[in-house]
Amino acid sequence: MRNKILFAILSFLFLFMVHSGLFGQEYYLKLKERDRNLINEHITRVVSIHKIEGENIYAFANEEELAKIRAYGYAPELLKHPSDTYRNLDMATNIDQMADWDRYPTYEVYRAMMKRFEAQFPELCRLDSIGTTIKGRKLYVLKITSQVDELLPKPEMFYTSSIHGNETTGFVLMLRLADHLLQNYGSDSRVTKMLNESVIYLNPAANPDGTYKSGNHTVAGATRGNANGKDMNRNFPDPRVGTYPSGPHQPETIAMMEFAQSKNLSLSANFHDGAELINYPWDAWVSSERKHADHNWFEAISIQWADQVHSNSPQGYFFPGYTHGGDWYVVAGGRQDYMNYWHHCREVTLELHDNFLTATELLPSFWNYQKESLLSYIEWLQTGVSGTVMNEAGVPLEARITVLNHDKDESWVRSNPYHGHYLRMLEPGTWQLEFSAFGYVPQVLEVEVTDIDSSQTLNVILKKAVTTSIAGRVYEFGTNKPLKDVEVSLKNTPHIALTDSSGWFQMDSVSIGNFELRIAKEGFITSLNEVELDTTQQIIELFLFPGDPESFEEGLTPGFLTETNPWTIVNDVSYDGLSSLKSGEISHNRTSTVSIPLKIAARGEISFALKTSSEASYDFLKFYINGEEKAAWSGETDWTVATFAVDTGMQVFEWKYIKDQADTGGSDAAWIDQIVFPQSFQQVSFEILSSSSGEPVNEALIQFDSKSQLTDQAGIFVFSEVLRGTKIYEVSKDGFQNVVDTLVVSFVNVFNKVYLEEIPTYSIMFTVIGSGLPVKDAKIEIYDNILWTDNEGTATTHGLFARNYEYIISAEGYNPYTGVIDLKADTQLVVMLSPVLTEDPAEVGVFWKAFPNPFSDQLHLMFKPDSSGPLLIEVFDPAGKRVFEINEDGMESHGSSLVLNGLDQLQKGIYFLRILAGKEILVQKVVKVE
Ligand SMILES: [Zn+2]
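Analysis parameters
- Residues numbered from 1 in each chain as written.
- Predicted model: local features only at pLDDT ≥ 70, side-chain atom pairs only at ≥ 80, totals over all residues.
- Heavy atoms only, no water.
- pLDDT = per-residue confidence, 0-100.
- Contact = heavy atoms within 4.5 Å.
- Salt bridge = Lys/Arg side-chain N within 4 Å of Asp/Glu carboxyl O.
- Helix = DSSP H or I, 4+ residues; strand = E, 2+ residues; numbered from the N terminus.
- Buried < 20%, exposed > 50% of the residue type's maximum accessible area, 1.4 Å probe, protein only.
- 1 Å grid on protein atoms, 1.4 Å probe; cavity = no way out; pocket = protein on both sides within 12 Å on 5 of 7 lines; lining within 4 Å.
- Points joined across faces, edges and corners; volume = space filled by probe spheres on them.
- Nonpolar A, V, L, I, M, F, W, Y, C, P; charged D, E, K, R; others polar.
- Donors = N, O, S within 2.8 Å, 3.2 Å for Na, K, Ca; no water.
- Tetrahedral: all angles 85-135°; square planar, octahedral: opposite > 155°, others 65-115°.
- Polar contact = N/O pair within 3.5 Å; in protein donor to acceptor, adjacent residues only side chain to side chain.
- Core = buried A, V, L, I, M, F, W, Y, C linked by side-chain atoms within 4.5 Å.
- Axes fitted to C-alpha atoms, helices over the stretch in contact; angles between N-to-C directions.
- Parallel < 35°, antiparallel > 145°, perpendicular 65-115°, else oblique.
- Left-handed = near helix turned anticlockwise from the far one by under 90°.
- Phe/Tyr/Trp six-rings, centres within 6.5 Å; stacked < 30°, edge-to-face > 60°.
- Lys NZ or Arg CZ within 6 Å of the ring centre and 35° of its normal.
- Pairing = 2+ DSSP bridges.

1. Section: the confidence of the model for the protein
Keep in mind that low pLDDT regions are not for reading the predicted coordinates in detail.
Here is step 1 of the chain: Averaged over the protein, the pLDDT score is 90; the fraction of residues at 70 or greater is 95%.
Here is step 2 of the chain: When the criterion is pLDDT under 50, residues 1–23 qualifies, and its contacts beyond four places in sequence or with other chains add up to 24 contacts.
Here is step 3 of the chain: For the stretch residues 839–846, pLDDT sits under 50, and the model shows six contacts to residues farther than four places along the chain or on other chains.

This is the structure:
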């Protein structure tokens, strides 16, 4: 006894030393938390939860994760690592020692066993290594099926164990299952049928670096994590959290992802220890939030698994037996959800044993408990609706099989392109199955599933879709220049074309139907266009807007909103140019947000460059559209460009740098740069005002954005949907100088005040004189106006611009008069009209007559002897200006005529003499010559 106890103590010490040894320690801990939200949102992201009992959470953590959970404010109690508890871990050092399945194989024996399966059963078994671990160990997968080298139309399934290296029950069970299947093929009808009708992949050790942490010779000291201390069942892309829920993918994770991608797995299970139950999707969400489309089916097969285990095991084993994953506790980055979401598989998680590193003497019991369930699970492959999808020529097709009004969250399945086989396991019901393949006419077939374990064959032949061609030309918007090397593609099809130098593209043999045409060229705004293709060839013209990337070179562009913990422009880091936008400096639990709301004009894409330097997996840059998280980055991310589709309508683009409760990493920041937004509308308002009075100018004509609009009473017009860009506008209004200018429309509504300068106007006051008297009702035509003189012979016109005007004055009894004025100021004009002379003036009572006319120096004035002498003679020029005056002193009498002196001073031209003689006033036109 004593010796045995001493041995146990020594073993414990030895194992403990191994644990705290070479590559960082793995801790097992207990902490208290009752809040399910905190557990599902935070704790599960920091430590690797093993189980939850009431408020007690048992979990594994590496050094970093332990520090982290402490920083979160928890005081975890460190427990003895399960691997440090003494138990029998008998190792088989040769294959023969595995005969009773009550030992763990050394790594070398494991390899030898895997190789021997293949060697002993070459018709049934192929060994493949799907990758290599960090420490150089192999990730082996056995393929087990009849005619193993043939690609036959059979459904495929996958069992994998011990992704947590210290959860080893499944490791030996997988080896034993392989042996059972291979040994019994041909003798046991159940196994024979299984291998004839299905392909089984077995991966006994998914984390050999964790299992053989202490060396190839022992599983003692096995760890949950891999050689990097990473829990790989938190390391897969997650449908809720994103691609990197716990930092970069580990080599083992990548190998598993590549394997899944290369197969068409219908069913799988991942084996663990630490609890006793079957766990079905989703792990990412609690069932009240989101259920898998096949939730009922998953529950039914889980109940079957648990029931069969209960029938084959002692009372008390395998409880609670089954659970929806998220309802147990939410996991981010688990393999199960990854397989179901990204590979349309049906994967469950099996917890075989409440404890870790199962003692070797217990291993045969677990086989007995689980064997029937392990075999029955494989037999689900023989249920549901299955068959092949081919074309009319018998060529297998990779088709998508969707259960209409049922499938969601990527739950559709696909047919295997090598032989066209598909399998859609379904709960009972009447279902519409849609079979669709690129280039073929989709087919919807109704099936009736009577029982969950019933099966039916439905072979489908898809007809080639009628094809057409689509061609067109792509131009630059604005310049209408054809664009070369534009990438034109039909989304979700392989069709892609580049435009030639004339902007021309063509795609032939395109299925008819509705598609989205994507037009992209660097330096331009990517556009997405709905196209409806029918049998007639379509030729379309497309215009690309020049890209207007926002590169933050001139400060924070109006439109971006950032308030508390604002993002700021920095000049030391940039993707293009000199500047970029950097998240604000924040402390723990804080967020720095920058956002911009835009009314998107047409479906398109947003792309932007980003960089992060933060605490990996905990402090994130997250991008949202309308509050929906689109992507997240953390750790060291060098400049990378991200692109997301954007719908029309109001969209809010938001970048958040979010820090968790504790710790920082790197520069503790995120940067964004060179954002290319889809085309957006802004509102542009014009208010037109007079520059002199400041008053609104109504009915001013605004030509802008290919439209012409008049301002209202308040001098305003609003253009509601204006695309971004630099635009010319012109405002015109009578009496004002035209204004032509450019306006830059970017991300905010524009309110543009335009002041118009009034053009000065002048008035002309006409005084029309005829026969020495004011002429009433003389008609004056000037520009557009017609004026009539009043009793004083005057008429005034206003509002004339500075320029030359011709005017015509006419009045009854007078010769029409035409004059020209170069208007530069308010002006008074006196115009003398000459009477129409029909007879000799003497005979019609005109007493006075000047001669000679024209004259050069002397002018004589003849008069009737009985008339009274003149008192005054005034001389006017044609503009009506009085230029000379002669009184009696300036006149010499020569019989019946007078000689007028002083007229030799006048320049040559036309003059009017206004003769006042007694009560008579006479006007006579005279012409002076040299
Ligand atoms: Zn596990």
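2. A closer look at the pattern of salt bridges
Here is step 1 of the chain: Applying the stated criterion across every chain, the model contains 41 salt bridges.
Here is step 2 of the chain: Between Glu615 and Lys68 there is a salt bridge, and its shortest N-O distance comes to 2.6 Å. Within this pair, whereas Glu615 is found in the loop between strand S33 (604–613) and strand S34 (620–625), its partner Lys68 is found in helix H3 (residues 63–71), the two being separated by 547 residues in sequence.
Here is step 3 of the chain: With relative accessibility at 8%, the residue Glu615 sits in the buried group.
Here is step 4 of the chain: Lys68 is paired through a salt bridge with Asp660; the nearest N and O atoms lie 2.7 Å apart. Here Lys68 is found in helix H3, whereas its partner Asp660 is found in the loop between strand S37 (649–658) and strand S38 (669–676), with 592 residues between them in sequence. There is no split in this pair, since Lys68 and Asp660 are both buried.
Here is step 5 of the chain: Where salt bridges share partners, they join Glu167, Arg224, Asp231 and Arg234 into one cluster.

3. Quick word on empty space enclosed by the protein
Here is step 1 of the chain: Inspection of the entire model under this criterion finds six cavities of 30 Å³ or more.
Here is step 2 of the chain: As for the largest cavity, its lining consists of 18 residues, and the residues nearest its centre are Asn233, Arg234, Trp328, Tyr329 and Glu351.
Here is step 3 of the chain: Mapped by element, the contributors of at least two residues to the lining of the largest cavity are strand S2 (48–53) and strand S14 (347–351).
Here is step 4 of the chain: Of the residues assigned to the lining of the largest cavity, the class counts are five nonpolar, seven polar and six charged.
Here is step 5 of the chain: Taken as a whole, the second largest cavity spans an internal volume of roughly 60 Å³.
Here is step 6 of the chain: Together, Asn264, Leu265, Ser266, His343, His344, Val413, Arg414, Tyr422 and Leu423 line the second largest cavity.
Here is step 7 of the chain: When residues of the lining of the second largest cavity are traced back to their parent elements, those giving at least two are strand S11 (265–272), strand S17 (413–414) and strand S18 (421–424).
Here is step 8 of the chain: Looking at the lining of the second largest cavity, its residues break down into four nonpolar, four polar and one charged.

4. Considerations on the layout of surface pockets
Here is step 1 of the chain: Its boundaries defined by the atoms lining it, the largest pocket holds a volume of some 690 Å³.
Here is step 2 of the chain: Taken together, 29 residues line the largest pocket, and the ones lying closest to its centre are Val241, Gly242, Thr243, Ala631 and Ala632.
Here is step 3 of the chain: When contributions to the lining of the largest pocket are tallied by element, the ones reaching two or more residues are helix H11 (335–343), strand S35 (628–634) and strand S36 (636–646).
Here is step 4 of the chain: A total of seven residues in the lining of the largest pocket trace back to one element, the largest contributor, which is S35.
Here is step 5 of the chain: Approximately 570 Å³ is the volume attributed to the second largest pocket.
Here is step 6 of the chain: If you trace the second largest pocket, you find 22 residues lining it, with Ser436, Ala437, Phe438, Gly439 and Asn492 closest to the centre.
Here is step 7 of the chain: Contributing elements (two or more residues each) for the lining of the second largest pocket: strand S16 (400–403) and strand S19 (429–436).
Here is step 8 of the chain: Of the residues in the lining of the second largest pocket, the class split is eleven nonpolar, six polar and five charged.

5. Brief notes about the coordination of the zinc ion
Geometry reference: four tetrahedral donors at a metal, ideal angle 109.5 degrees. Six octahedral donors, ideal angles 90 or 180 degrees.
Here is step 1 of the chain: Coordination of the zinc ion by the protein is provided by His164 (ND1), Glu167 (OE), Glu167 (OE) and His272 (ND1), with metal-donor distances spanning 1.9 to 2.6 Å.
Here is step 2 of the chain: Geometry at the zinc ion is irregular, judged from the four donor atoms that bind it and their angles of 56 to 153 degrees at the metal.
Here is step 3 of the chain: Residue His164 is classed as buried on the basis of its relative accessible area of 2%.

6. Section: the environment of Asp673
Here is step 1 of the chain: Considering the arrangement of structural elements, one finds Asp673 in strand S38.
Here is step 2 of the chain: In contact with Asp673, other than residues within four places in its own chain, are Glu550, Ser551, Phe552, Ser574, Tyr575, Asp576, Ser579, Ser580, Phe608, Ala609 and Trp639.
Here is step 3 of the chain: One polar contact links the side chain of Asp673 to the main-chain amide nitrogen of Tyr575, over a distance of 2.8 Å.

7. What to know about the nonpolar core
Side chains of a nonpolar character, in soluble globular proteins, are inclined to be buried together.
Here is step 1 of the chain: The biggest cluster of nonpolar side chains holds 71 residues, and the ones touching the most others in it are Tyr159, Trp305 and Tyr377.
Here is step 2 of the chain: Here this core takes nine residues from helix H5 (residues 169–184), the largest share from any one element.
Here is step 3 of the chain: Not counting residues within four places of it along the chain, the set of residues in contact with Trp305 comprises Tyr159, Phe271, Ile278, Phe318, Leu350, Gln370, Ser373, Leu374 and Tyr377.
Here is step 4 of the chain: Listed in part, the 28 residues of the second largest apolar core include Ile586, Ile600, Ile625 and Phe747.

8. As for the packing of helix H4 (residues 107–120) against H5
Here is step 1 of the chain: Between H4 and H5, whose axes approach to 11 Å, the crossing angle comes to 15 degrees. Taken together, the axes of H4 and H5 lie roughly parallel to each other. By crossing handedness, the relation of H4 to H5 is classed as left-handed. Where H4 approaches H5, its residues Tyr110, Met113, Met114, Phe117 and Gln120 are matched on the opposing element by Phe171, Leu175, Ala178, Asp179, Leu182 and Gln183.
Here is step 2 of the chain: Taken together, the residues of the contact of H4 with H5 sort by class into eight nonpolar, two polar and one charged.

9. Looking at the packing of aromatic side chains
Here is step 1 of the chain: Here the structure, examined in full by the defined rule, presents 51 aromatic pairs.
Here is step 2 of the chain: Note on Trp305 and Tyr377: the rings are 5.3 Å apart at their centroids and 70 degrees apart in plane angle, and the pair reads as edge-to-face. Placement of the pair is Trp305 in helix H9 (residues 295–311) and Tyr377 in helix H12 (residues 363–379), with a sequence separation of 72 residues.
Here is step 3 of the chain: Given a relative accessible area of 1%, Trp305 falls into the buried group.
Here is step 4 of the chain: A connected cluster of aromatic rings, assembled from ring pairs, spans Phe236, Trp282, Trp285, Tyr338, Tyr341 and Trp342.
Here is step 5 of the chain: Looking at Lys68, its charged tip hangs above the ring of Tyr618, at a distance of 4.1 Å from the centre.
Here is step 6 of the chain: Taking NZ or CZ as reference, Lys622 lies 5.3 Å from the ring centre of Phe620, over its face.

10. Topic: the sheet that holds strand S10 (residues 199–203)
Either a parallel or an antiparallel arrangement is found when strands of a sheet pair, and the pairing is made through backbone hydrogen bonds.
Here is step 1 of the chain: Read from one edge to the other, the open sheet built from eight strands follows the order S7-S8-S10-S9-S11-S14-S12-S13, with strand pairing classed as mixed. Either end of the sheet is taken by a strand with one partner, and the two such strands are strand S7 (125–132) and strand S13 (321–324). Between one strand axis and the next, the sheet turns through 20 degrees on average, direction left out of account.
Here is step 2 of the chain: Both strand S12 (residues 277–280) and S14 contribute to a ladder of three bridges, which runs antiparallel. Within S14, the residue paired with Ile278 across the bridge is Leu350.
Here is step 3 of the chain: Sheet contacts for helix H8 (residues 251–262): S7, strand S8 (138–144), strand S9 (156–161), S10 and S11; angle to S7, the most-contacted strand, approximately 135 degrees.

11. Let's talk about helix H2 (residues 36–46)
Here is step 1 of the chain: Listed in full, the buried residues belonging to H2 are Ile39, Asn40, Ile43, Thr44 and Val46.
Here is step 2 of the chain: Tucked inside the fold, the buried residues of H2 contact strand S1 (26–32), S2, strand S3 (56–62), H3 and helix H10 (325–328).
Here is step 3 of the chain: Measuring from the backbone nitrogen of Asn37 back to the side-chain oxygen at the start of H2 gives 2.8 Å, which picks out Asp35 as the cap.

12. With respect to the packing of H8 against H11
Here is step 1 of the chain: Where H8 contacts H11, the two axes come as close as 11 Å, and the packing angle between them is 35 degrees. The handedness of the crossing between H8 and H11 is right-handed. Facing Met256, Met257, Ala260 and Gln261 of H8, the residues of H11 in contact are Arg335, Tyr338, Met339 and His343.
Here is step 2 of the chain: For the contact of H8 with H11, the per-class residue count stands at five nonpolar, two polar and one charged.

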